[in-house]
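# Coordinate inspection notes
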Amino acid sequence: MSYPLIYERSRKGRRGLKLVKGTPRAEDFLPKEHLRETPPRLPEVDELTLVRHYTGLSRRQVGVDTTFYPLGSCTMKYNPKLHEEAARLFHPLHPYQDPGTVQGALRLMWELGEYLKALTGMDAITLEPAAGAHGELTGILVIRAYHEDRGEGKARRLVLVPDSAHGSNPATASMAGYQVKEIPSGPDGEVDLEALKRELGPHVAALMLTNPNTLGLFERRILEIARLCKEAGVQLYYDGANLNAVMGWARPGDMGFDVVHLNLHKTFTVPHGGGGPGSGPVGVKAHLAPYLPVPLVARGEEGFYLDFGRPKSIGRVRSFHGNFLALVRAWAYIRTLGLEGLKKAAALSVLNARYLKELLKERGYRVPYDGPTMHEFVAQPPPGFRALDLAKGLLELGFHPPTVYFPLIVKEALMVEPTETESKETLEAFAEAMGELLKKPREWLENAPYTTPVRRLDEVRANKHPKLTYFDES
């Protein structure tokens, strides 16, 4: 990369702001022992250099504000700028303020919790987890606390996950101290019920399931799966990454799930990935409510308050009360659309996925699990083409690639999720580009991209040996 770091633009003595005489200094307020002895090593740049630096960086990125972003299982929907403005209204608040001075913020959090409980069919909820995977860990720790409280903690040491599960599922279970067992998918792409029956028993703590699953298929036998889990004392965990497809239409709680984590930064329009912090609320059925993290936002006779009086809680999982501004955006999204709007958004996400799937099939792509697609689908290129080459070629044609090589049960997988915010014209243009790639010479595909700021990386080396720090060697 030739783009310099902000530290490399630094020139001694330059600054963007000069304080007027008489402005109080830190030593006027803080005891000497709390003051730094040497100034921090910050870049010294003028305001214009700073603006050009970060504006230039933003132009080197591909994002949903600039192009179609069909990243499967990530729900890269457009985030209305109005919700950003709503979040800005709260920026002067400080988490150490007395609850009596932030009743509006607490009310917003309480209302959001009630909306999410209603949408998922859960009895209690925490907004604390900072992201989806963090929500998963919180949910599994709640399940572990439940089993331990019942004296079954030592016996139930296994968590089951389908072979199409998100990678964070087995990682979460392992991080919580559990062993993990994979359940195969059947020929229809859904959980192999007979294989599941063979694994269930008093040694199993939980089954983690995504519905619709990562093939974009709804698990039609979910009620039977829930019944089998309940009979075995196994807690059923809902990975909410794909809730966008059923939002307002079907509730995990009604399907028999005991725990659900949500990805507000996917389903409820909060920016995802590099666009902003995540938020992973966890909802539970009543029997698991005592174990949720503290504090919970509650409403009493004198207003809203933070409830720390929960002796069986697993404790705090994050500082303060979660990524609050992400909660504001999700609250604004739900209030703007209402239940009917949420249902329409989910329906359009399914319609868009089904339309795009048919377009890609017309252009030579194959869909190995071609059931009634929900919000996403998994395609394969014709024999001889590599998913990685097609993904890199898409960058050259102005589109962000879909997820590739996932789920692992599909060779050369291209997992496509268009979301409800994209137009028919955009979907057709993307399908046209995918078709065009199949006509490109093999050498062109193998060397793409050509005009992006960074060309094809050694991805294994980039992952195993990342350079994440800057050292000034001058």
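Structure shown above.
Residues numbered from 1 in each chain as written. Predicted model: local features only at pLDDT ≥ 70, side-chain atom pairs only at ≥ 80, totals over all residues. Heavy atoms only, no water.

### Some points on the packing of aromatic side chains
Filter applied, for reference: What counts as a ring pair is set by centres within 6.5 Å for rings of Phe, Tyr and Trp (its six-membered ring), and what kind of pair is set by the plane angle: stacked under 30 degrees, edge-to-face over 60, tilted for all other angles. Only DSSP runs of H or I with at least four residues qualify as helices, and only runs of E with at least two residues qualify as strands; both kinds are numbered from the N terminus onward. Exposed residues in this analysis have more than 50% of their type's maximum accessible area, buried residues have under 20%, and partly exposed residues fall in between, with area computed by a 1.4 Å probe over protein chains only. Charges are assigned to positions over rings by a cutoff of 6 Å between ring centre and Lys NZ or Arg CZ, combined with an angular limit of 35 degrees from the ring normal.
For the structure on display, the rule yields 10 aromatic pairs. An angle of 90° between the planes, with centres 6.4 Å apart, marks the rings of Phe68 and Phe399 as edge-to-face. Separated by 331 residues along the polypeptide, Phe68 in the loop between helix H1 (47–59) and helix H2 (81–88) and Phe399 in the loop between helix H11 (387–396) and strand S11 (403–404) bring together distant segments of the chain. A single burial state applies to Phe68 and to Phe399, both of which are buried. When the ring of Trp444 is compared with that of Tyr450, the centres are 5.5 Å apart and the planes differ by 40°; the resulting orientation is tilted. Pairwise contacts between aromatic rings join Phe68, Phe399 and Phe430 into one cluster. When the ring centre of Trp249 is taken as origin, the NZ or CZ atom of Lys343, which lies over that ring, is 4.3 Å away. Cation over ring: Arg442 sits above Phe385, and NZ or CZ is 5.1 Å from the ring centre.

### A few points about the sheet that holds S11
Note the following rule: Only when DSSP finds a minimum of two bridges between them are two strands counted as paired.
Strands sit in the order S10-S12-S11 across an open sheet of three strands; the sheet is antiparallel. Every interior strand has two partners, whereas the edge strands, strand S10 (377–379) and S11, have only one. As paired elements, S11 and strand S12 (residues 414–416) share two bridges and run antiparallel to each other. Bridging across to S12, Val404 finds its partner in Leu414.

### Description of the sheet that holds strand S1 (residues 124–126)
Note the cut-off: In this analysis an axis means a line fitted to C-alpha atoms, helices contributing only their contacting stretch, and an angle means the value between N-to-C directions, from 0 to 180 degrees. Pairs of residues are marked as contacts when any of their non-hydrogen atoms sit within 4.5 Å.
Overall, mixed pairing links the seven strands, which are arranged S1-S7-S6-S5-S4-S2-S3 in an open sheet. Since the sheet does not close on itself, it has two edges, and those belong to S1 and strand S3 (179–183), each with one partner. Across the sheet, the axes of successive neighbouring strands diverge by a mean angle of 20°, strand direction being ignored. As paired strands, strand S2 (residues 158–162) and S3 are joined by five bridges and run parallel to one another. Along S3, the bridge assignment pairs Leu158 with Gln179. Sheet strands in contact with helix H3 (residues 103–120) are S1 and strand S6 (259–262), and its direction is about 125° off that of S1. Lying on the sheet, helix H7 (residues 222–231) is in contact with strand S4 (204–210) and strand S5 (235–240); it crosses S4 at an angle near 165°.

### Some details on the packing of H3 against helix H10 (residues 324–362)
In plain terms, the rule: With respect to orientation, any angle under 35 degrees is reported as roughly parallel, any angle over 145 as roughly antiparallel, any angle of 65 to 115 as roughly perpendicular, and every other angle as oblique. The sense of a crossing depends on the near helix, which, turned anticlockwise from the far helix by less than a right angle, makes the crossing left-handed and, turned clockwise, makes it right-handed. Any residue that is not Ala, Val, Leu, Ile, Met, Phe, Trp, Tyr, Cys, Pro, Asp, Glu, Lys or Arg is counted as polar, Gly included; the first ten are nonpolar and the last four charged.
Two numbers describe how H3 lies on H10: the axes approach to 10 Å, and their chain directions differ by 45°. Judged by the angle between their axes, H3 and H10 are oblique. Pair H3 / H10 crosses with left-handed handedness. Seen from H3, the contacting residues are Ala105, Leu108, Met109, Glu111, Leu112, Tyr115, Leu116 and Leu119; seen from H10, they are Phe324, Leu327, Val328, Ala330, Trp331, Ile334, Arg335, Leu339 and Leu342. Across the contact of H3 with H10, the residue classes tally to 15 nonpolar, no polar and two charged.

### Some details on the environment of Asp188
Convention followed: A 3.5 Å cut-off defines polar contacts: any pair of N or O atoms within that distance qualifies, except that in protein one atom must be a possible hydrogen donor and the other a possible acceptor, and neighbouring residues in sequence count only when both atoms are side-chain atoms.
Within the secondary structure, Asp188 sits in the loop between S3 and helix H6 (193–199). Judged by relative accessible area, which is 28%, Asp188 ranks as partly exposed. The spacing of Asp188 and Leu217 is 29 residues in sequence and 9.1 Å in space, taken between C-alpha atoms. Among all residues touching Asp188, those that are not within four sequence positions of it are Leu217, Arg220, Arg221 and Tyr369. A distance of 3.0 Å separates the side chain of Asp188 from the backbone nitrogen of Glu190, its partner in a polar contact. A polar side-chain atom of Asp188 sits 3.3 Å from a polar atom in the side chain of Arg221.

### Some points on the packing of helix H4 (residues 132–149) against helix H5 (residues 168–175)
Following both chains from N to C, one finds H4 and H5 inclined at 45°, their axes separated by 9 Å at the closest point. With respect to H5, the axis of H4 lies oblique. In the crossing of H4 with H5, the sense of the turn from one axis to the other is right-handed. Packed against H4, whose contacting residues are Ala133, Glu136, Leu137 and Ile140, the element H5 presents Ser168, Asn169, Thr172 and Met175 at the interface. Partitioning the contact of H4 with H5 into residue classes produces four nonpolar, three polar and one charged.

### Things to note about the pattern of salt bridges
A pair can form between side chains of opposite charge whenever their charged atoms are brought close. We apply this condition: Here a salt bridge means any side-chain nitrogen of Lys or Arg lying within 4 Å of a carboxyl oxygen belonging to Asp or Glu.
The final tally for this structure, using the stated rule, is 31 salt bridges. Its salt-bridge partner being Lys440, residue Glu436 comes within 3.7 Å of it at the nearest N-O pair. Residue classification places Glu436 among the partly exposed residues on the basis of a relative accessible area of 35%. A cluster of three or more residues bridged by salt bridges with shared partners is formed by Asp188, Glu190, Arg220 and Arg221.

### Here we look at empty space enclosed by the protein
To be explicit about the condition: Only protein atoms enter the 1 Å grid used here. Points where a 1.4 Å probe fits but cannot escape make up a cavity, open sets with protein on both sides within 12 Å along at least five of seven lines make up a pocket, and a residue lines them when an atom lies within 4 Å of a point. Grid points are joined across faces, edges and corners, and a volume is the space filled by probe spheres set on the points.
All told, the structure shown has one cavity of 30 Å³ or more when counted by the stated rule. Approximately 40 Å³ is the volume found for the largest cavity. Along its surface, the largest cavity is lined by Pro162, Ser164, Ala165, Met208, Leu209, Thr210, Asn213, Thr214 and Glu219. The element contributing the most residues to the lining of the largest cavity is S4, with three residues.

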